[in-house]
Amino acid sequence: MEFDDEAAEHRRLFRVETNSPQGKAVFSLEQGGAKAPKNAVIQSFKIVILSNKLNLLLPLGPIAILVHYLTDNKGLFFLLSLLGITPLAERLGYATEQLACYTGPTVGGLLNATFGNVTELIISIIALKNGMIRVVQLTLLGSILSNMLLVLGFSFFCGGIVFSRKQQVFDKGNAVLNSGMLLMAVMSLLFPALLHYTHSEVHAGSSELALSRSTSCIMLVAYAAYLFFQLKSQPSFLPEGEETLDDDEVPEISKWEAIIWLLIFTAWVSLLSGYLVDAIEGASVSWNIPISFISVIVLPIVGNAAEHAGAIMFAMKDKLDLSLGVAIGSSIQISMFAVPFCVVISWMMGEQMDLNFQLFETATLFITVIVIAFFLQEGTSNYFKGLMLILSYLIVAASFFVHQDPDQG
């Protein structure tokens, strides 16, 4: 009898839906039960915050804000802010994945595509508000380069070491399609730069900006078509390389908990990003390194560390298609969505951000995409290919370390 009472109480507190659209178990809190909300909040906190060792870096965010107001050490403040954002970016991805569990594959894919690089978008929008257009361009470029060379390189290398006795394979058709999308992105950046450096504008000073804005709108249409193709025509393709849930896997938190955590992490990232952007110039002076190096190399590596680690783990589990989805898919999202989106947003703000990333940066991206296309064309990977990509990234990093940006020099 006591067991029956306990079971009834359990049913009153929780409802299990096994007939959800995805065929997964969905746990939701029922109304009634005074202790249920409190217990649910504690349990959700344990799952989201205490279950991930990377969250040990979360206190660095508040510490960074204290350092900002109590000291003048811009370098330390910038470093603490950057490290504090790292776990937030990872938890944003986690909350998005949890929310995607309660949607169909189409909405879930759109969620992953939208929030996959929300940290870069937040930093970029705040920098645009501060008139730091060049920092936006360099940060987005750095994210593309690090994903294509560093993340994919370490994925190939680590996967090749773990599976040294076999050849790892991935979907060659998908890889070729993604290479084409990256080349299209390069083309959109190349023409404004060529127009600028050949001095062939019809209306000097305005044709370049007009071309950038019209091209950005076209790129957004192309990215929307790309998502539609992946989600509808080719459901096996993953827009952001997010791991799909197995049939017997259930979400760890409820839908509303996922939404609330998503809002919390987005707000916290926005707050820290504001401080981070303000500290970039001070950190450059304090560390005596170019702003271009901080924006292109340091920000993307540390800010996306969790996402990068996930891609490497996929490769070590012989899931290279997921690794490519994270690395190449993220590069496509930034180049085909984030970059033109920032151009359009700056247009609305009255700023004049264009797609002319300058000759040095555009050439670097073009060569990188060509290298990646050659490495992907066979549909196979090994540790040697990974090592070559890593070394290529080191060459890029060294180049930006000695490169003086003309807009900041």
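See above for the structure.
Within each chain, residue numbers correspond to sequence positions counted from 1 in written order. Since the coordinates come from a predicted model, pLDDT governs what is reported: local features require at least 70, and pairs of side-chain atoms require 80 or more to be given and counted, while whole-chain, interface and lining totals use all residues. Only hydrogens and water are set aside; all other atoms, that is, all heavy atoms of the structure, feed into the side-chain values.

Draft legend 1. Seen up close, helix α13 (residues 320–349). Secondary structure elements are defined from DSSP: runs of H or I of at least 4 residues count as helices, runs of E of at least 2 residues count as strands, and each element is numbered from the N terminus. An expected span of 1.5 Å times one less than the residue number is assigned to each helix. Spanning 30 residues, α13 covers 41 Å between terminal C-alpha atoms, matching the ideal 44 Å at 1.5 Å per step. In this scheme, the bend at a residue equals the angle between the axes fitted to the seven residues that finish there and the seven that begin there. At Ile334, α13 shows its strongest bend, of approximately 35 degrees. Exposure categories follow from relative accessible area, calculated using a 1.4 Å probe and restricted to protein chains: below 20% of the type maximum is buried, above 50% is exposed, and the middle band is partly exposed. Extensive coverage of α13 is indicated by the burial of 25 of its 30 residues. Phi turns positive one or two residues past the end of α13, at Gly350, with a value near 90 degrees.

Draft legend 2. Here's a closer look at the nonpolar core. Phe78, Leu152, Ile328, Leu365 and Leu376 are the most contacted members of the largest nonpolar core, which totals 105 residues. Residue contributions to this core peak at 15 residues, all from α13. The contact criterion used throughout is that any non-hydrogen atoms of two residues lie within 4.5 Å. Apart from the residues lying within four places of it in its own chain, the contact partners of Leu376 are Leu152, Phe156, Phe170, Lys172, Ala175, Ser179, Leu324 and Ile328. For the purposes of this section, nonpolar cores are sets of buried Ala, Val, Leu, Ile, Met, Phe, Trp, Tyr and Cys residues that join through side-chain atoms within 4.5 Å.

Draft legend 3. Quick look at the packing of helix α3 (residues 60–70) against helix α4 (residues 74–100). The interhelical angle for the contact between α3 and α4, taken along N-to-C directions, is 160 degrees, at an axis separation of 8 Å. Overall, the two elements α3 and α4 adopt an arrangement that is roughly antiparallel. Crossing of α3 against α4: the hand is left-handed. Within the contact between the two elements, α3 uses Leu60, Gly61, Ile63, Ala64, Ile65, Val67 and His68 and α4 uses Lys74, Leu76, Phe77, Leu80, Ser81, Leu83 and Gly84. A breakdown of the residues in the contact of α3 with α4 according to their chemical character gives 9 nonpolar, 4 polar and 1 charged. Axis definition: a line fit to C-alpha positions, over the contact stretch in the case of helices; interaxial angles, taken between N-to-C directions, run 0 to 180 degrees. Angles below 35 degrees are treated as roughly parallel, those above 145 as roughly antiparallel, those between 65 and 115 as roughly perpendicular, and all remaining angles as oblique. Crossings are assigned a handedness: left-handed for a near helix turned anticlockwise from the far helix by less than a right angle, right-handed for a clockwise turn. Residue type decides the class: Asp, Glu, Lys and Arg count as charged, Ala, Val, Leu, Ile, Met, Phe, Trp, Tyr, Cys and Pro as nonpolar, and the leftover types, Gly among them, as polar.

Geometric descriptors of this kind do not, in isolation, establish any biological role.
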